[in-house]
Each structure stands twice: as structure tokens, then as C-alpha cells.
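Here's the letter readout for the chains.
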Amino acid sequence: SQKRHASFDKIFTWHDGFVDGKKYVKINFFQNIAPLSEVNIHKKEKFCTMIANYKHARGPLELYSRRIEAIRWFERNHPEDFDLYGGGWAELHSPRSIAKALLACAPRRIFESRFSSYRGRAQSKKEILSKYKFSICYENAQGIPGYITEKILDCFLAGCVPVYWGAPNVADHIPKQAFINFLDFNNYESLYRHLRNMTEAAYMGHINAIRNFLDNEQGRRFSAEFFAEQVSARILEDLSGAKA
């Protein structure tokens, strides 16, 4: 609630709808940005993955249920082309999860089927993602301008092309050619055909766009260094003003 913001003189936020350059200062979720290593498409061992923890939420903007839709579609239609990693998927039927489901008045969760595509927890996101051509990369929520988390950056740094769904204005911050926007497709079948029929040249076009992004100012704005510079500069600016 914005009512809580009244207690603060300055707020750092990723929410583009709030940013005014005065009280609300733009800041991104950050990563340790580094140049992309050489990507050899012929050494990509697998097709598509998702790395996400099992979570659920209510509300019109949540994308947790959309992740499950994607997982189930691949499991039904192209199980050979999809692997799932993350925490919580194997524990859906544990005593703890059953108790939580009953306390939350959501008994249907107890009867959810196991996920046949599940391959375990991700010990190293970069190592796993680097083996795949594509990754289903959905934010926790959609429709929030500027809400771009580490998920898409994890893909970039591993040389994996993300299928993204999240911030409606993501292309204001990241070049369109660097990712595939799920909302450009009518359904998963059309998305799958696009991914499966993509030429090597088209794929490397995405990779080159990712490399250029990581190497230029747009990418630097998602770095830990830029985050620290922005925060420290604003603090020093306010301290100088107070002394004057």
C-alpha cells in the first residue's frame, strides 16, 4: 500500500509505475553481470527446461499456476523435450504439505499428481541452463511494469534463450530479440512449433542479442555494481543537501 510510503523520504523501487526520479528512484533486481561465454548450439544436449520452486498464490496477476500449465502441457505432449528442476515439487504429498493444504482449506492440492518431468533440485542454475536451448521463464506475477527479476538474467548468463512472461514493458529494458515473449503465441502448441522449427541462424540471433545486452549499458543497469552506485549516490546526494 502506498500509504506506508509516506513514512519515507526516498524509495528505491523496480516498479516503473511509481518512479518519478525524486521520491521514487528506479532500481533493478541485480545479478553479477559478466560477458557471455561462447555458445555452441551443437553442444546443447537438451531442448527445454524450467527451474522454479513449487509455490502457489491467489490473485489475478499470479503466474505460479501458469507455470504448472506449461509443465503439464509438455508432460502430456512432448515429455521427451522438457525437464523440471527446483524445490518443493517432490514434497507435495509429504505429511507437512498435506497439513499445510488442510490448514489453507485447499485439499485439492493433496491430490495433485506427481510431476513426471521433475529431475530434482538445481545445484547450479548456470550449469543446468547451459545444457538447454530454451527455458520457460515466468515471473511470479504478470502485468507489473518494471518487475523483472533474476530469472531472465539467469538464462542470459548461461547462454539459454528464455521464454518470458511477466513485466508488460520488459522490452523497454531488455531488447526483444534477446528473449521469446510467450504472449506472442496463441497456445503452447504454436510456441512449441516455433521453438522446434527455429533455424540455427535464428537461434544464434537470440544468443547474439543476449551477448550484446550483457555487454552494453542496458545490461549494466542490472548489475550489482550499478545497484550499489545508484543507492550510494542518492544517499550521498541527500546527505550533502542536509549539510547545506
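Our structure's up above, just so we're on the same page.
To start, this report covers the structure provided alongside it.

Basis of the calculations
Note that residues are indexed from 1 along each chain, following the sequence as it is written. Owing to the predicted nature of the model, reporting of local features is limited to residues with pLDDT of at least 70; listing and counting of side-chain atom pairs is limited to 80 or more, with chain, interface and lining totals taken over all residues. Excluded from the side-chain calculation are hydrogens and water; included are all heavy atoms of the structure. A run of H or I in DSSP counts as a helix once it spans at least four residues, and a run of E counts as a strand once it spans at least two, with each numbered from the N terminus. Exposure categories follow from relative accessible area, calculated using a 1.4 Å probe and restricted to protein chains: below 20% of the type maximum is buried, above 50% is exposed, and the middle band is partly exposed. Should any heavy atoms of two residues lie within 4.5 Å, those residues are considered in contact. Only the protein chains shown count as covering a residue, and every accessible area follows the Shrake-Rupley method with a 1.4 Å probe. Expected span of a helix, by definition, is 1.5 Å for each gap between consecutive residues, and there is one gap fewer than residues. Note on pairing: two strands pair once DSSP finds at least 2 bridges between them. Only rings of Phe, Tyr and Trp enter the pairing, Trp through its six-membered ring, and a pair is recorded when the two centres are within 6.5 Å. The plane angle decides the type: under 30 degrees is stacked, over 60 is edge-to-face, the rest tilted. The criterion for a charge sitting over a ring is simple: Lys NZ or Arg CZ within 6 Å of the ring centre, and within 35 degrees of the ring normal.

**A closer look at the overall build of the protein chain**
Right, so step 1: Each helix and strand counted, the protein chain has eight helices and seven strands in total.
Right, so step 2: Among the 244 residues that make up the protein chain, the fraction classed as buried is 46%.
Right, so step 3: Taking as baseline every contact in the protein chain between residues at least 6 positions apart, the subset at least 24 positions apart corresponds to 72%.
Right, so step 4: Per element, the accessible surface of the protein chain, about 13,400 Å² overall, is 52% carbon and sulfur.

**A few points about helix H1 (residues 64-77)**
Right, so step 1: With 14 residues, H1 should cover 20 Å at 1.5 Å per step; its first-to-last C-alpha distance of 20 Å lies within 8% of that length.
Right, so step 2: Those residues of H1 not exposed but buried are Tyr 64, Arg 67, Ile 68, Ala 70, Ile 71, Arg 72, Trp 73, Phe 74 and Glu 75.
Right, so step 3: Those residues of H1 that are buried are in contact with strand S3 (46-51), strand S4 (82-85), strand S5 (132-138), helix H4 (150-158) and helix H5 (188-196).

**Considerations on the pairing of S5**
Looking along a regular strand, one sees the side chains alternate between the two faces of the sheet.
Right, so step 1: The buried fraction of S5 amounts to seven of the seven residues, a majority that puts the element mostly inside the structure.
Right, so step 2: In this structure, S3 lies alongside S5, joined through three bridges in parallel fashion. Pairing of Cys 48 across the sheet is with Phe 134, part of S5.
Right, so step 3: Looking at chain direction, S5 and strand S6 (residues 161-165) are connected through five bridges and run parallel.

**A look at the packing of aromatic side chains**
Right, so step 1: A complete count under the given rule lists 23 aromatic pairs for this structure.
Right, so step 2: With centroids separated by 6.0 Å and ring planes inclined at 55 degrees, the aromatic side chains of Phe 213 and Phe 222 adopt a geometry described as tilted. For the residue pair Phe 213 and Phe 222, the accessibility class agrees, reading buried in each case.
Right, so step 3: Among the aromatic side chains, those forming a connected cluster through ring pairs are Phe 47, Trp 73, Phe 74, Phe 82, Phe 134, Tyr 138, Trp 165, Phe 182, Tyr 188, Tyr 192 and Tyr 203.
Right, so step 4: One cation-aromatic arrangement involves Arg 196 over Phe 47; the distance from NZ or CZ to the ring centre is 4.0 Å.

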